[in-house]
Amino acid sequence: MPTRTWPPSNQACATIGNSARPMPKLALVALVGLFVLGAATMCDALMPLSCTPTADAACAAREAAGQVPLTHVGHAVSSGIAGFGGVVAVLGWGLWRRSGADGRTPGFDGARLALGLGALHLLATAWTLAAMLEPALYLGLAQRTQILTLTLWLALLASSPRA
């Protein structure tokens, strides 16, 4: 009977599934954060804002009066959930690296840039939250900074074996 050769994707899944080492809890927390971020971001894309209340006074008035479509409210909720997922991912990764549970020496040797970008993302998230309460703090710029720092952090982690 001939031996069956599995496609590379199935081999990768089998290798991951049969791993001798269990996944550390903090790594799992980071992965769950990434999953929440991804799922909520897809919801964001499916529910665009109907108008921009920070740039349009009429839109802000409609929003305050509750006269915006449900997708407008859904976008705000899914954006908040995505932000939460990003923060969980960054914190989970940082605590996992710090603990040494990945088999490396505890700390951030080789991952200082990723640590810095993660910290910048947390600061950008705090700025976004503050700007939601006080529009004079440039909410749009804060949100774009938050997305940029998280994107750079994810790209660095994906491209660097040491991060």
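Provided above is the structure to which this section pertains.
Residues numbered from 1 in each chain as written. Predicted model: local features only at pLDDT ≥ 70, side-chain atom pairs only at ≥ 80, totals over all residues. Heavy atoms only, no water.

Comments concerning the packing of aromatic side chains
Enumeration according to the criterion identifies one aromatic pair in this entry. Their ring planes at 80° and their centres at 5.9 Å tell us that Trp-93 and Trp-153 sit as a pair that is edge-to-face. Taken as a pair, Trp-93 in helix H4 (residues 70–99) and Trp-153 in helix H6 (residues 139–159) lie far apart in primary sequence, 60 residues in all. According to the relative accessible area criterion, Trp-153 is buried, its value standing at 1%. (Phe/Tyr/Trp six-rings, centres within 6.5 Å; stacked < 30°, edge-to-face > 60°. Helix = DSSP H or I, 4+ residues; strand = E, 2+ residues; numbered from the N terminus. Buried < 20%, exposed > 50% of the residue type's maximum accessible area, 1.4 Å probe, protein only.)

Some points on the side chain of Asp-44
With respect to the helices and strands, Asp-44 occurs in helix H2 (residues 25–46). Among buried charged residues, Asp-44 stands out as having no salt bridge; its nearest opposite-charge side chain is Arg-144, 11 Å away. Only 2.3 Å separates the side chain of Asp-44 from the side chain of Ser-78, close enough to count as a polar contact. The contact partners of Asp-44, leaving out residues within four places of it in the chain, are His-75, Ser-78 and Ser-79. (Lys, Arg positive; Asp, Glu negative; His and termini not counted. Salt bridge = Lys/Arg side-chain N within 4 Å of Asp/Glu carboxyl O. Polar contact = N/O pair within 3.5 Å; in protein donor to acceptor, adjacent residues only side chain to side chain. Contact = heavy atoms within 4.5 Å.)

Looking at the side chain of His-121
Locating His-121 in the fold gives a position in helix H5 (residues 112–133). A relative accessible area of 1% means that His-121 is categorised as buried. The contacts of His-121, once residues within four sequence positions are left out, are Gly-86, Val-87, Val-90, Gln-146, Thr-149 and Leu-150.

Points about the packing of H2 against H4
The angle between the axes and the distance between the axes are what describe a pair of packed helices. With their axes 7 Å apart at the nearest point, H2 and H4 run at an angle of 160° to one another. In terms of axis orientation, H2 runs roughly antiparallel to H4. Where H2 crosses over H4, the two elements pack in a sense that is left-handed. (Axes fitted to C-alpha atoms, helices over the stretch in contact; angles between N-to-C directions. Parallel < 35°, antiparallel > 145°, perpendicular 65-115°, else oblique. Left-handed = near helix turned anticlockwise from the far one by under 90°.)

Describing the environment of Pro-106
Checked against the element boundaries, Pro-106 lands in the loop between H4 and H5. Of the residues examined, Pro-106 reaches a relative accessible area of 52% and is grouped as exposed. For the pair Pro-106 and Trp-96, spaced 10 residues apart in sequence, the C-alpha separation works out to 8.8 Å. Excluding residues within four positions of it along the chain, Pro-106 makes contact with Arg-97, Arg-98, Ser-99 and Gly-100.

Focus: helix H3 (residues 57–64)
Sitting at the amino-terminal end of H3 is Asp-56, which places a side-chain oxygen 3.2 Å from the backbone nitrogen of Ala-58. Residue Gly-66 follows H3 closely and has a positive phi angle near 75°.

The values are spatial; any link to function lies outside them.
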